[in-house]
Amino acid sequence: MNLFLSNLSDLDITLWKYKVPSWLPRGEGTGGGGGDDDGNDEKTNKFDFTTKVNRVCAKVREVMTQAELEGVTTTGQIISSGHFLFPILSTFAKESPPKLEEALTMIKNSAFDQFASGDTAGMNTKRSPLLLEKAQNSIQYLAFLANYELLFDTALGMYDFDLAKAVARNSQMDPKVYLPMLKRWRNLPDAEAKYEVDVRLKRYDSALKNLVQLGQDETESSEVAGSDDAHFEKCLSFINEHKLHKLGLELYEHHAHYKHKIMVALGEQLLSEQKGDVALTVFLAANPSDINGAKRAAHMCGDWKSYFAYAAEDDGEEGSGHGTKESRIRAVDESIAEEVCFKGEMKRDMQKKKESIAGAARIYLDYCGDVASA
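Here the structure is a predicted model, which means the values were calculated and not measured.

Calculation rules
- Residues numbered from 1 in each chain as written.
- Predicted model: local features only at pLDDT ≥ 70, side-chain atom pairs only at ≥ 80, totals over all residues.
- Heavy atoms only, no water.
- Buried < 20%, exposed > 50% of the residue type's maximum accessible area, 1.4 Å probe, protein only.
- Helix = DSSP H or I, 4+ residues; strand = E, 2+ residues; numbered from the N terminus.
- Contact = heavy atoms within 4.5 Å.
- Polar contact = N/O pair within 3.5 Å; in protein donor to acceptor, adjacent residues only side chain to side chain.
- Core = buried A, V, L, I, M, F, W, Y, C linked by side-chain atoms within 4.5 Å.
- Axes fitted to C-alpha atoms, helices over the stretch in contact; angles between N-to-C directions.
- Parallel < 35°, antiparallel > 145°, perpendicular 65-115°, else oblique.
- Left-handed = near helix turned anticlockwise from the far one by under 90°.
- Nonpolar A, V, L, I, M, F, W, Y, C, P; charged D, E, K, R; others polar.
- Patch = residues over 30% accessible without salt bridge, like charges linked within 9 Å, V, L, I, M, F, W, Y side chains within 5 Å.
- Areas by Shrake-Rupley, 256 points an atom, 1.4 Å probe, with all protein chains shown as cover.
- Salt bridge = Lys/Arg side-chain N within 4 Å of Asp/Glu carboxyl O.
- pLDDT = per-residue confidence, 0-100.

**Student:** What exactly am I supposed to notice about helix H7 (residues 161-169) here?
**Tutor:** Spacing of three or four residues puts side chains on the same side of an α-helix, whose turn is 3.6 residues. What H7 keeps buried is the set Phe161, Leu163, Ala164, Ala166, Val167 and Ala168. Buried residues along H7 sit against helix H4 (100-117), helix H5 (133-145), helix H6 (148-157), helix H8 (175-187) and helix H9 (190-200). Two or three places before Asp162, at the opening of H7, Asp160 has a side-chain oxygen 3.4 Å from that residue's backbone nitrogen.

Okay, structure coming up:
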């Protein structure tokens, strides 16, 4: 059975190895024989062979699992629980993508069932059931189908550190590396351990969720003022690093202050990516709107009408250097007019060039009061 499963492939073997004669009635979905010589008759090619292996594995697994539950095979053979353990593991490993979590869960359940039933003759019952011979043999067999490193990462992804230890025990991994690591995670708060595992496995969405949960757990057990804000800054840094702003907004949906900070951070990221038009929308969508950010985004995308509209609302100082605020604002306006004019001169399309120069003239006239330059 294991050999049969391991040799399965998503191919229609009736096209080349076991071609169906044209005179033989075919069931719906068969691919070869009949029709044209190439087996391209649309009526005979309804079966999706890209799902062949997965469907066969699922059906074989269903039949073997049912046989174990009933204690008898379809041929009348009496069997005990675990009789088809290796073939069922083969079905999990053969699927695409491999269902390694389900396979490891089955190994774990089988080991604990054996331990609970008292079927431990000649074994050290003080050891973890996962370190017993049957479980170790099962892990070794599964590792033959999928390498140890992948199995170890899968066990970590299940946050099952005992299972990860059982997998690593027979691998080439250095115990001096994985044992302290697993011990440390066992001693950490649940959410923090999950966060670190997710980061290791580069499952950043899940990592952020656990990081947020860690902050909520710490808030419930801490009386230190400001701990919420400090933890949020850590979350915001993680959000920025891995571009998880959408998920962050969902997780902080009911925290208006934090949600505003995430929106502003998203706008700043878009600015850094030279996406001024999108950043402008994000800054304005923040509640309250980030006018300074909107002004910078409007400047980047050349939306000068919006820029001056937001500049009028912005209480921050315009420009830098000496002189009155009015003189600094005028200097900024003039520099923008010069920039618009310069960009207009660089355009090849005459119509766009005229529009840009006209826009620069309007800035000189309306915002700088400089009729001569206009």
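Structure shown, so let's carry the discussion forward.
**Student:** Quick question: what am I supposed to make of the nonpolar core here?
**Tutor:** Generally speaking, nonpolar side chains in soluble globular proteins are found buried as a group. The biggest cluster of nonpolar side chains holds 44 residues, and the ones touching the most others in it are Leu104, Leu142, Phe152, Leu156, Leu182 and Trp185. Where this core is concerned, the elements lending two or more residues are helix H2 (52-70), helix H3 (85-94), H4, H5, H6, H7, H8 and H9. With six residues, H7 is the single largest residue contributor to this core. Apart from residues no more than four positions distant in its own chain, Leu156 is found in contact with Phe161, Ala164, Leu182, Trp185, Val197, Arg200 and Leu201. Within the second largest apolar cluster, 38 residues are counted, among which are Leu266, Leu270, Ile291 and Trp304.

**Student:** Explanation requested: the environment of Tyr141 in the structure shown.
**Tutor:** Note on placement: Tyr141 falls in helix H5. Note: C-alpha distance between Tyr141 and Ser90 (51 residues apart in sequence) is 8.9 Å. In this structure, Tyr141 is in contact with Asn2, Phe86, Leu89 and Ser90, ignoring residues within four places of it in sequence. Among the polar contacts listed, one links the side chain of Tyr141 to the side chain of Ser90, at a separation of 2.5 Å.

**Student:** How do you make sense of the packing of H2 against H3 when you look at a structure like this?
**Tutor:** Packed helices, taken two at a time, are described by the angle between their axes plus the distance between the axes. The contact between H2 and H3 brings their axes to 9 Å, and the two run at 155°. Comparing their axes, H3 and H2 come out roughly antiparallel. For the pair H2 and H3, the sense of crossing is left-handed. Contacts between H2 and H3 involve Val53, Cys57, Val60, Arg61, Met64, Thr65 and Glu68 from the former and Leu85, Pro87, Ile88, Thr91, Phe92 and Lys94 from the latter. Looking at the contact of H2 with H3 residue by residue, the classes come out as eight nonpolar, two polar and three charged.

**Student:** In this structure, what is going on with a nonpolar patch on the surface? I would like to understand it.
**Tutor:** Taken together, the side chains of Leu11, Ile13, Leu15, Trp16 and Tyr18 define a hydrophobic patch exposed on the protein surface, amounting to about 520 Å² of accessible area. Mapping Leu11 onto the fold places it in the loop between helix H1 (2-6) and H2. By relative accessible area, Leu11 is classed as partly exposed at 45%.

**Student:** In this structure, what is going on with the confidence of the model for the chain? I would like to understand it.
**Tutor:** Regions with low pLDDT carry predicted coordinates that are not meant to be interpreted in detail. In this model, the chain carries a mean pLDDT of 82, and residues with pLDDT of at least 70 account for 74%. The low-confidence segment residues 33-37 (pLDDT under 50) makes twelve contacts with residues lying over four places distant or belonging to another chain. In this model, residues 317-321 is a region of pLDDT below 50 whose contacts with residues beyond four sequence positions or in other chains number eleven contacts.

**Student:** Whenever I open this one, the pattern of salt bridges confuses me. Can you help?
**Tutor:** Two side chains carrying opposite charge are able to pair once their charged atoms lie near each other. Scanning the model with the defined rule gives twelve salt bridges in all. Its salt-bridge partner being Arg203, residue Asp198 comes within 2.8 Å of it at the nearest N-O pair. The buried category is assigned to Asp198, whose relative accessible area is 0%. Relative accessible area serves as the criterion here: at 27%, Arg203 is assigned to the partly exposed category. The salt bridge partner of Glu233 is Lys261, with a shortest N-O separation of 3.1 Å. Note that Glu233 is positioned in helix H11 (residues 227-242) and Lys261 in helix H13 (residues 256-272), a separation of 28 residues in sequence. The class of Lys261 is partly exposed, set by a relative accessible area of 32%. A cluster of three or more residues bridged by salt bridges with shared partners is formed by Arg61, Glu95 and Lys99.

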